[in-house]
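# Inside the fold
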Amino acid sequence: MARLITNQEIARVFYEIADILDLKNDNVFKIRAYRRAGQLIEGFEKPLSQVADLESLPGIGKELSEKIRALLRGEELETLKNLRKEVAPGLLALLRIRGMGPKRVRTLNEKLGVKDLNSFCRALGEGEILNLAGFGPKLVDDLKKGLSEFQEYSKRTRLDLAKTQAEALVEYLKEAKGVGRVEVAGSLRRRLETIGDIDLLVTGKDPKAVMERLVNYPKVREILSKGNTKSSVVLESGVQADVRFFEPKTFGAGLQYFTGSKAHNIAIRTIAKQKGLKISEYGVFRGEKLIAGRTEEEVYQTLDLPYIPPELREDRGEIQAGREDKLPELIGLKDIRGDLQVHSEWTDGASPILEMAEQAKKLGYEYLAITDHSKSQRQTGGLDEKELRKEFQEIDRLNQKLKGFRIFKGVELDILKDGSLDLPERILKTADLVLGSVHSHFNLPKPDQTRRLLKALGSGMIQIFSHPTGRLIGEREPIMIDWSRLVPVLLEKKIAVEINASPHRLDANGDLAKYLKDQGVIFSLGTDAHTLGGLKDMEYGVFTARRGWVEAEEVINTWPLNKLENWLRNRR
Ligand code: DGT
Ligand code: CA
Ligand code: CA
Ligand code: ZN
């Protein structure tokens, strides 16, 4: 049986077609249609294989639905096969580099014969590039930075992509003969935003059967090593997976060791030494005697520590806090009562407000904020005052119809370059909720960027500072902010900082969230969903909040509706 192609894989095909067409300087509308279809498919809430009428999906016409059907049958697309022949494969990678668009890639290809990362790197080092129209020393410097970021990043995989692949492999390995537990370890278990490789731990009766099953996994591209207690493979996606087998009586010790982080483990080992114990992946020993190892709890207990949740294991004070019985009671997905950043088809979202609300209800939520873009975000169809007023009227109407559910009238307001706001106060005052976002001028020097934000957040109009650093994982570095100057304003104006749950952002990240929490700042979790499926990304926001030691009470969308309403109202 042909294995089912996932939505993500279908989306990737469309993105690749769009990229190649872009390099060929093809029709912009065609390119946009492929890219948009890719986004829709990636965010679609159920597998396309289960959709009978593909043409009914927004943005999917006859031609695209035929292509999807071919992919679902396991066929390769003729279109893509032919397109691939027209461009050097290495050129596509260049598009991923910050600062490199299709036009620059084409120029470098035509004038300097650049065709892949190596030749690009060489061209950046030579003087000739400066003779090309548009390529000054500043740009070349930026491109060099972009290239090294790309090289760093391409060694790592985004959390959501790694998690999906790891979970599929876990399910598969659970079918091995005599298998016991199969657990994810490493940075993936700690929910780091990017993952170097996947680490899995298995226990059971028959290590050979596990390793044999692993190397026969249909998605294995290469076997790096195969042994009885450890094997490493490379999956089709290029991600490496290390699978280790432990006997049940040392499984907890193995899981603790391979969950890391390395810094946490070093700190743990020091404590063990102080107690006259030795700790390794094979257990906790007094002399030669194994005294703990079956469970992680047992391992921590012998060191007089409570169980430490994996997200905290970064040697950032968790061991001290554990000793003093001061570990936070971390937030969980079940604590979330609503989503506070959601886009609809009023701007660049794919679905009507009502459908987003119904999907949110299905997820068990009590409320949802619709936060479409403001007018400066032209490419998203950002709303001006008049249009936003209309959207708010529509939401009022919907709220009258909906029972036991509340839609907040929100807006994702652009913070302009000088810190002024993209819409007048009179309309903002009619909103239930105003998110403030930076979407432009990411590269301002720290003092200017800080001044811009002090002004915007100091206006008293913004209740949530959304995706505060603007970083896009692997694509855009965070903006530079002097947080020590911003914190007093966040506290004075009672502004919640968003932990954006989109796996492309995870912004604020765990480190920043921990810093802000320690200063008394509160948070809001929003998925930034543009599709029904996007609403499911909330779990990544929760993971990130947990990495920041955040508790439920510190997140405004864990609050019951009336408490949140009061908080929103009392701030005007
Ligand atoms: P990654 O894969 O780069 O995202 O990060 P990790 O944390 O998954 O690192 P990885 O895969 O190299 O190793 C998994 C865990 O194994 C790591 O978090 C801690 C443990 N570990 C690996 N090497 C060492 C080591 O040299 N010393 C100690 N104490 N622990 C190690
Ligand atoms: Ca790893
Ligand atoms: Ca590893
Ligand atoms: Zn935004």
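It should be emphasised that the depicted structure is a prediction, and the values quoted were computed from it without experimental measurement. (Residues numbered from 1 in each chain as written. Chains lettered and ligands numbered in written order. Predicted model: local features only at pLDDT ≥ 70, side-chain atom pairs only at ≥ 80, totals over all residues. Heavy atoms only, no water.)

## Comments concerning the overall build of the protein
Here is the rule we go by: Secondary structure elements are taken from DSSP: a helix is a run of H or I of four residues or more, a strand is a run of E of two residues or more, and numbering for both begins at the N terminus. Here the term buried applies to any residue with accessible area under 20% of the maximum for its type, exposed to any over 50%, and partly exposed to those in between, with areas from a 1.4 Å probe on protein chains only. Here a residue-residue contact requires only that any non-hydrogen atoms of the pair lie within 4.5 Å. Only the protein chains shown count as cover for residues, with accessible areas throughout obtained via the Shrake-Rupley method and a probe of 1.4 Å. Charge assignment: positive for Lys and Arg, negative for Asp and Glu; neither His nor the chain ends contribute. The location of each charge is read from NZ of Lys, CZ of Arg, CG of Asp or CD of Glu.
Secondary structure assignment for the protein yields 23 helices and 17 strands. Each principal axis of the C-alpha distribution contributes one length, and for the protein these read about 75 × 60 × 55 Å. Out of the 572 residues belonging to the protein, those deemed buried represent 54%. Long-range contacts, defined here as pairs at least 24 residues apart, represent 69% of the contacts in the protein between residues at least 6 apart. By element, 49% of the accessible surface of the protein is carried by carbon and sulfur atoms, the whole surface being about 26,300 Å². Charged side chains of the protein number 93 positive and 86 negative; the gap between the two group centres comes to 1 Å.

## A look at unusual backbone geometry
For the bond running from G260 to S261, omega is -5 degrees, close enough to zero to count as cis. Mapped onto the secondary structure, S261 falls in the loop between α12 (251-259) and α13 (262-274). A cis amide bond links D507 with the next residue in sequence, A508, at an omega value of 0 degrees. By the secondary structure assignment, A508 is in the loop between β16 (496-500) and α21 (510-518). Of note in the backbone geometry, D325 takes a positive phi value of approximately 60 degrees without being a glycine. Tracing the sequence through the fold places D325 in the loop between α15 (318-323) and β11 (338-342).

## Looking at the sheet that holds strand β9 (residues 283-286)
Short version of the rule: In short, DSSP must find at least two bridges between two strands for them to pair. As a rule, the C-alpha atoms of each element are fitted with a line to give its axis, helices using only the stretch in contact, and angles between N-to-C directions run from 0 to 180 degrees.
The strand order β8-β9-β10 describes an open sheet built from three strands, whose pairing is antiparallel. Here the strands that pair on one side only, and so sit at the sheet edges, are β8 (278-280) and β10 (289-292). Here the average twist between neighbouring strands, direction ignored, is 35 degrees. As paired strands, β8 and β9 are joined by three bridges and run antiparallel to one another. For S280, the partnering residue across the bridge sits in β9 and is G283.

## Quick notes on helix α8 (residues 137-153)
Put simply, the rule is: Helix span is expected to be 1.5 Å times the residue number reduced by one. By definition, the arc is the one covered by directions from the helix axis to the C-beta atoms.
For α8, built from 17 residues, the straight-helix expectation of 24 Å at 1.5 Å per residue is met to within 8% by its first-to-last C-alpha distance of 24 Å. Of all the positions in α8, only L139, V140, L143, G146, L147 and F150 are classed as buried. On an axial view of α8, the arc spanned by its buried residues comes to 115 degrees, and they lie on one face. Away from its buried face by more than 90 degrees, α8 exposes P137, K138 and K145. In this structure, the buried side of α8 is in contact with α5 (89-95), α6 (102-112) and α7 (117-125).

## So, the coordination of the calcium ion (ligand 3)
Filter applied, for reference: For Na, K and Ca the donor cut-off is 3.2 Å, and for all other metals it is 2.8 Å, counting N, O and S atoms only; because water is absent from this set, sites may look incomplete.
With distances of 2.3 to 2.7 Å, the protein atoms coordinating the calcium ion (ligand 3) are D197 (OD), D197 (OD), D199 (OD) and D242 (OD). Mapped onto the sequence, the residues coordinating the calcium ion (ligand 3) show the spacing D-x1-D-x42-D. In this structure, the calcium ion (ligand 3) is positioned 3.7 Å from the calcium ion (ligand 2), and both are ligated by D197.

## Observations concerning the site of ligand 1
As a reminder, the rule being used: In this text, near means that some heavy atom of the residue lies within 4 Å of the molecule or strand in question. Definition of a polar contact: a pair of N or O atoms within 3.5 Å, with one able to donate and the other able to accept a hydrogen when the atoms are protein atoms, and with sequence-neighbouring residues admitted only if both atoms are side-chain atoms. By the convention adopted, Pro, Cys, Tyr, Trp, Phe, Met, Ile, Leu, Val and Ala count as nonpolar, Lys, Arg, Asp and Glu as charged, and the other residues, Gly among them, as polar. Where each domain begins and ends follows an automated or database-derived domain assignment.
Neighbouring ligand 1 are 16 residues, the closest being R156, S187, G196, D197 and R269. A distance of 2.9 Å is found between an oxygen atom of ligand 1 and a side-chain nitrogen or oxygen belonging to D197. A distance of 3.0 Å separates an oxygen atom of ligand 1 from a polar side-chain atom of D199. Coverage of ligand 1 by the protein amounts to 72% of the 590 Å² it exposes when considered alone. When contributions to the shell around ligand 1 are tallied by element, the ones reaching two or more residues are α10 (186-189), α12 and α13. A breakdown of the residues in the shell around ligand 1 according to their chemical character gives three nonpolar, seven polar and six charged. Taken domain by domain, the shell around ligand 1 gets at least three of its residues from each of domain 2 (157-246) and domain 3 (251-323).

## Let's talk about the sheet that holds strand β12 (residues 367-373)
Strand order across the open sheet formed by seven strands is β11-β12-β13-β14-β15-β16-β17, with parallel pairing between neighbours. Bordering the open sheet on either side are β11 and β17 (523-526), each of which pairs with just one other strand. As paired strands, strand β14 (residues 433-437) and strand β15 (residues 464-465) are joined by two bridges and run parallel to one another. Across the sheet, the residue bridging to L435 is I464, located in β15.

## Things to note about the domain arrangement of the protein
Where the parts come together, the accessible area they lose is often given as the size of the interface. Condition: Accessible area that two parts lose when put together, with a 1.4 Å probe and added across both, is what the buried area reports. Here, a salt bridge means any side-chain nitrogen of Lys or Arg that lies within 4 Å of a carboxyl oxygen of Asp or Glu.
Each assigned domain of the protein is listed here: domain 1 (7-153), domain 2 (157-246), domain 3 (251-323) and domain 4 (333-570). One C-alpha centre belongs to domain 3, the other to domain 4, and the line joining them spans 39 Å. With eight residues of domain 3 at the interface, the matching set in domain 4 holds seven residues. Surface buried jointly by domain 3 and domain 4 totals about 690 Å² across both partners, of which 47% is contributed by carbon and sulfur atoms. Considering only the side of domain 3, the residues that lose the most area to domain 4 are E311, L312 and R316, jointly responsible for 79% of the buried surface there. Our count for the contact surface shared by domain 3 and domain 4 stands at three salt bridges.

## Thoughts on the packing of aromatic side chains
Aromatic rings in a pair are described by how distant their centres are and how their planes are angled relative to each other. Going by this rule: Geometry of aromatic contacts follows a simple scheme: Phe, Tyr and Trp rings, the Trp one being its six-membered ring, pair when their centres are within 6.5 Å, and the pair is stacked under 30 degrees between planes, edge-to-face over 60, tilted otherwise. As a reminder, the over-ring test applies to NZ of lysine and CZ of arginine, requiring each to be within 6 Å of the ring centre and within 35 degrees of the ring normal.
For the structure on display, the rule yields 10 aromatic pairs. Relative to W567, the ring of W559 has its centre 6.1 Å away and its plane inclined at 80 degrees; by these criteria the two rings are edge-to-face. Neither W559 nor W567 differs from the other in exposure class; each is buried. In textbook terms, an aromatic cluster arises when at least three aromatic residues are bridged by ring pairs, as seen for F246, Y257, F258 and Y282. Of note, R244 hangs over the ring of F258, and the distance from its end group to the ring centre comes to 3.8 Å. It is K514 that lies over the ring of W549; its NZ or CZ is 4.5 Å from the centre.

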